[in-house]
Amino acid sequence: MTTPLPARLAVIIPVFREAANVAPLVARLDAALAGLAWEAVFVDDDSPDGTAAAARAIAATDPRIRCIRRIGRRGLASACTEGMLSVSAPFVAVMDGDLQHDEGILPAMLAAVEGGADIAIGSRHVAGGAAEGGFSAARGALSDGGARLARMLLPVKVADPMSGFFLLKRDVVEEVAPRLASRGFKILLDILLSARRALVVAEVPYSFRSRLAGESKLDATVLLEFAGLLLDKATGGAVPLRFLAFAAVGAVGLLVHMAALALLVGPLGFGPAQWVATFVAMTANFVLNNRITYRDARLRGPALWRGLVLFYLVCGIGAAANVGIAGLLVRDGVLAWGTAGAAGALITVVWNYAVSSTLVWRTR
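What counts as what
Residues numbered from 1 in each chain as written. Predicted model: local features only at pLDDT ≥ 70, side-chain atom pairs only at ≥ 80, totals over all residues. Heavy atoms only, no water. Salt bridge = Lys/Arg side-chain N within 4 Å of Asp/Glu carboxyl O. Helix = DSSP H or I, 4+ residues; strand = E, 2+ residues; numbered from the N terminus. Buried < 20%, exposed > 50% of the residue type's maximum accessible area, 1.4 Å probe, protein only. Pairing = 2+ DSSP bridges. Axes fitted to C-alpha atoms, helices over the stretch in contact; angles between N-to-C directions. Patch = residues over 30% accessible without salt bridge, like charges linked within 9 Å, V, L, I, M, F, W, Y side chains within 5 Å. Areas by Shrake-Rupley, 256 points an atom, 1.4 Å probe, with all protein chains shown as cover.

A. View of the pattern of salt bridges. Inspection of every chain in the model, using the stated rule, returns 11 salt bridges. Here Arg197 makes a salt bridge to Asp118, at a shortest N to O gap of 2.9 Å. You can see Arg197 sitting in the loop between α7 (187-194) and β7 (201-205) and its partner Asp118 sitting in the loop between α4 (106-114) and β5 (119-123), a full 79 residues away along the chain. On the basis of relative accessibility, which here comes to 38%, the residue Arg197 falls in the partly exposed class. One network of salt bridges, in which partners are shared, links Asp30, Asp62 and Arg64.

B. Spatial organisation of the sheet that holds β5. The sheet built from seven strands is open, its strands ordered β3-β2-β1-β4-β6-β5-β7 with mixed pairing. Across the chains shown, the open sheet's two edge strands, defined by having one partner strand only, are β3 (65-69) and β7. When strand polarity is set aside, the average angle formed by the axes of neighbouring strands in this sheet is 20 degrees. Direction of pairing for β5 relative to β7: parallel, over a ladder of five bridges. Bridging from a neighbouring strand, Ala120 pairs with Ala202 of β7.

C. Here's a closer look at a nonpolar patch on the surface. Together, Leu268, Val276 and Val280 line one region of the surface with nonpolar side chains, adding up to about 210 Å² of accessible area. The residue Val280 is located in helix α10 (residues 270-293) in this model. On the basis of relative accessibility, which here comes to 35%, the residue Val280 falls in the partly exposed class.

D. The arrangement of helix α3 (residues 76-84) in detail. Burial analysis of α3 places seven of its nine residues in the buried class, the great majority of the element. Along α3, the residues classified as buried are Ala77, Ser78, Ala79, Cys80, Thr81, Gly83 and Met84.

E. Unusual backbone geometry, seen in detail. Here the phi dihedral of Asp46 falls at roughly 55 degrees; this positive angle occurs in a residue that is not glycine. Secondary-structure assignment places Asp46 in the loop between β2 (38-44) and α2 (51-59). For Leu99, which is not glycine, the phi dihedral falls at a positive 70 degrees. By relative accessible area, Leu99 is classed as buried at 4%.

Right, dumping it as structure tokens:
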């Protein structure tokens, strides 16, 4: 029996609801990488459409195909990181499972890295590249806006820092992995910003294709996560990215509270209006946190309603602590009322964040 050669290139494919694309993508990789020892790892976030089953059906007869099915955790960046760290091939590529990336340029990307680059990026924004066929106007605006922000922080010149299609040395993966935020959808940017040196980058042009099946995951929420990643890297990770998002949502909740209070104080009076406004603000905070801050652990169905009740309890305790601590500091003359109020608010947001993470969303 002939022992198969170890893979020289591992292709990591994060997927969610891409069952219809698995077999066509494997066939395309087989054609594009003919003559090269390769493997593909599908990292599936427990898709309800049978994506993992589709990958495993092929893996049953093709040892080059593997599937990692993740339960209870989601996110493209973390899926890519987990997939890259699961392989031993000296070179690792990341591409989407929606057939929009051109697998035909993988040999050119590999040649660029073998020739001295640390990372090769499939680029839509260099000569010969194009994105018109695969982007809606709204998605194009989100991507272009994000790319302009990213270039301000990058230590190297990259035309397409928002690309999700790249190939790099596995040694680079091992080097940067402990510093990756692994949140959001832009793992390439995370890698470039997490390296302790300016990586040597090669960009290979390709045309971004139209989606044939499945649905795009890029929306305004992704751009907010992307902005949070930039802030996290700009501050050296001094404050957890999730806490920044939680605090930002809290600021929005304050605006919601004041708007509701202004509308209700006339007909209800201050006391009742304050209570109603508090519950409106807490509800808005819960919805936004579930959608943005804890997107990777989003509550659905019955768990959503249980989480909302827990969130009310957590925030209620936090509010009581805020009032009690701030009142104590003012009464004892330790701080002026403004400083005491700010101290109470800070304690409240830290409490709400810590307890929400462990009880409401139970993030790992």
